[in-house]
Amino acid sequence: MVTIRDVAKECRLSPTTVSMVLNHAPLASYIPEKTKKRIMQAAEELGYQPNPFAQALRSRNSHTIGVMVPDIADPYCAQILRGIENSFSRSSYLPFLLDIQNSRSRFKKYLNVLLARRVEGLIILANSLSFETELLTALESRKLPSVILGRKPEADALSWVATDNEAGTEQALGHLYGLGHRKIAFVRGPKMIVDSHHQWAGICSFARAAGLELDQRLVTTLSDPFSSYEGGYECTKALLALKLPFTALVAFDDMTAFGCIRALISAGLKVPQDCSVIGFDDIPAAAFYNPALTSVREHMETLASMGAEILMDAIRAHRKNMPVSPVHRKVKPELMVRESTAAPRAVR
């Protein structure tokens, strides 16, 4: 690796002079332009590259961002990570990715690793497990700028960007209602997931406004937050076992919806002819499923870009020792209508 000393030797100047020029130090303004050009030319010819770690030590700014994801194999995480990467590719910050694999112990360990490496900010993709106590304790002691993506935490002290889940399920139920469905089943998300309650609030809000009666016997709940496909399959089997007629089903997310469709087909039913199914998230596989899944699209890249903007603003304020107020934003989702929904037979 070519060092400042190598450039200084080539130019026959002191390392201090060369360092001031290459690092754009204020005192470099007193160095003649001719000398500056000679230094820059020599550095280019020798292939000199500044050492980011050394620069970080001098400036106390690491230009790194910690990004913690619950499960990197989850399609939801993959989409939002692309948005994070695109956002920071236009800046001087380097994202440092850690997969906690839905483990509380890994979360604690990796959070300490990031803090020890002096990351300047932290992005956490929220999942069903609540790490707010550990997170708040760490951030209060270190005063580390951070933002939660994907879900609204209970603590107002944290900045977050989340999908407006209530608006999403209102659109989903409104679509089915408009097609003529009145007997609708629901597979809700696990109770420990905040999104589940927000989604259900949207469903109840639309039902009240439309005068739609919700049959509580047709409402089931996922028990395991980490196996939504299997959960959707089992919940739908349980619904079918009740022998209560329903013409449509609203699933907690797309993976749940896939499990629901499998159970319906296994029971000899056709989607959407016998039962329409609608999901949430609009992961890439939704458009290629058979039948292509109608789903509520979360704008992942918008979430990521908003989160990156909030975090960089907080980092700039932190560098200037300025107070930072938490920022809370909701992103409205969009209903993507595909082949898994249609009018019930009775109104065709």
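Residues numbered from 1 in each chain as written. Predicted model: local features only at pLDDT ≥ 70, side-chain atom pairs only at ≥ 80, totals over all residues. Heavy atoms only, no water.

In the nomenclature of an unreviewed UniProt entry, the protein corresponds to Transcriptional regulator, LacI family from the organism Candidatus Sulfotelmatobacter kueseliae.

Before going further, it helps to examine the pairing of strand E1 (residues 64-69). Counting buried residues along E1, 6 of its 6 residues qualify, which places the element largely inside the surrounding structure. Burial along E1 is two-sided: the residues Thr64, Gly66 and Met68 and Ile65, Val67 and Val69 are all buried. Looking at chain direction, E1 and strand E2 (residues 94-99) are connected through 6 bridges and run parallel. Each bridged residue has a counterpart across the sheet, and for Ile65 the counterpart in E2 is Pro95. (Buried < 20%, exposed > 50% of the residue type's maximum accessible area, 1.4 Å probe, protein only. Helix = DSSP H or I, 4+ residues; strand = E, 2+ residues; numbered from the N terminus. Pairing = 2+ DSSP bridges.)

The 6 strands lie next to each other as E7-E6-E8-E9-E10-E12, forming an open sheet whose pairing is mixed. The sheet is open, and its two edges are formed by strand E7 (219-221) and strand E12 (334-336), each paired on a single side. Recorded for the sheet is a direction-independent mean angle of 20° between the axes of neighbouring strands. Note: strand E10 (residues 294-297) against E12, 3 bridges, orientation antiparallel. Bridged to Arg297 within E12 is Glu334. (Axes fitted to C-alpha atoms, helices over the stretch in contact; angles between N-to-C directions.)

Between helix H1 (residues 4-11) and helix H2 (residues 15-22), the least distance of the axes is 9 Å, while the angle of their chain directions is 110°. Taken together, H1 and H2 sit at an angle that is classed as roughly perpendicular. H2 is crossed by H1, and the crossing has right-handed handedness. From H1, Ile4, Arg5, Val7 and Ala8 reach across to H2, where they touch Pro15, Val18, Ser19 and Leu22. Of the residues that constitute the contact of H1 with H2, the class distribution is 6 nonpolar, 1 polar and 1 charged. (Parallel < 35°, antiparallel > 145°, perpendicular 65-115°, else oblique. Left-handed = near helix turned anticlockwise from the far one by under 90°. Contact = heavy atoms within 4.5 Å. Nonpolar A, V, L, I, M, F, W, Y, C, P; charged D, E, K, R; others polar.)

As a further point, take the environment of Pro291. By the element assignment, Pro291 lies in the loop between strand E9 (276-281) and E10. As for Pro291 and Ile265, which are separated by 26 residues in sequence, their C-alpha atoms are 11 Å apart. If near-sequence neighbours (up to four positions away) are discounted, Pro291 is found in contact with Ile261, Val271, Glu339 and Ser340.

Formed by 24 residues in total, the largest nonpolar core has its most connected members in Ile65, Val67, Ile84, Phe88, Ile123 and Leu125. Residue assignment for this core shows that the elements contributing at least two residues are E1, helix H5 (75-89), strand E3 (121-125), strand E4 (146-150) and helix H12 (300-319). The element that contributes the greatest number of residues to this core is H12, accounting for 8 residues. If you look at the next biggest cluster of nonpolar residues, it comprises 22 residues, including Cys235, Phe246, Leu249 and Cys275. (Core = buried A, V, L, I, M, F, W, Y, C linked by side-chain atoms within 4.5 Å.)

Here the focus is the pattern of salt bridges. With the rule as written, the count across this model stands at 8 salt bridges. For Asp282, the salt bridge is made with Arg297, and the minimal N-O distance between the two is 2.7 Å. Of this pair, Asp282 sits in the loop between E9 and E10 while Arg297 sits in strand E10, and the two are 15 residues apart along the sequence. On the accessibility criterion, Asp282 (5% relative accessible area) is buried. Classification of Arg297 as partly exposed rests on a relative accessible area of 29%. One connected set of salt bridges, linked through shared partners, spans Asp282, Arg297 and Arg338. (Salt bridge = Lys/Arg side-chain N within 4 Å of Asp/Glu carboxyl O.)

This part takes up the pairing of E10. As defined by bridge partners, E9 adjoins E10 across 4 bridges and the pair is classed as parallel. Looking across to E10, one finds that Ile278 is bridged to Thr294.

All right, on to the packing of aromatic side chains then. Considering all chains together, one arrives at 4 aromatic pairs under this definition. Between Tyr177 and Phe206, the aromatic rings sit 5.6 Å apart at their centres with planes inclined by 75°, giving edge-to-face as the arrangement. Placement of Tyr177 in helix H8 (residues 165-179) and of Phe206 in helix H9 (residues 194-210) is noted, with a sequence separation of 29 residues between them. Taking the relative accessible area as the measure of exposure, Tyr177 reaches 24% and is therefore partly exposed. With 5.3 Å between their ring centres and 90° between their planes, Phe186 and Trp200 make a pair best called edge-to-face. Separated by 14 residues along the polypeptide, Phe186 in strand E6 (residues 184-188) and Trp200 in helix H9 bring together distant segments of the chain. There is no split in this pair, since Phe186 and Trp200 are both buried. In this arrangement the basic side chain of Arg182 is found over the ring face of Tyr177, its NZ or CZ atom lying 3.7 Å from the centre. (Phe/Tyr/Trp six-rings, centres within 6.5 Å; stacked < 30°, edge-to-face > 60°. Lys NZ or Arg CZ within 6 Å of the ring centre and 35° of its normal.)

Looking now at the packing of H8 against H9. Here H8 crosses H9 at 45°, and the two axes come no closer than 7 Å. With respect to H9, the axis of H8 lies oblique. Our pair here, H8 against H9, has a crossing hand that is right-handed. Touching Asn165, Glu166, Thr169, Glu170, Leu173, Gly174 and Tyr177 of H8 are Asp195, His198, Gln199, Ala201, Gly202, Ile203, Ser205, Phe206, Ala207 and Ala210, all from H9. Its residues placed into classes, the contact of H8 with H9 shows 7 nonpolar, 7 polar and 3 charged.

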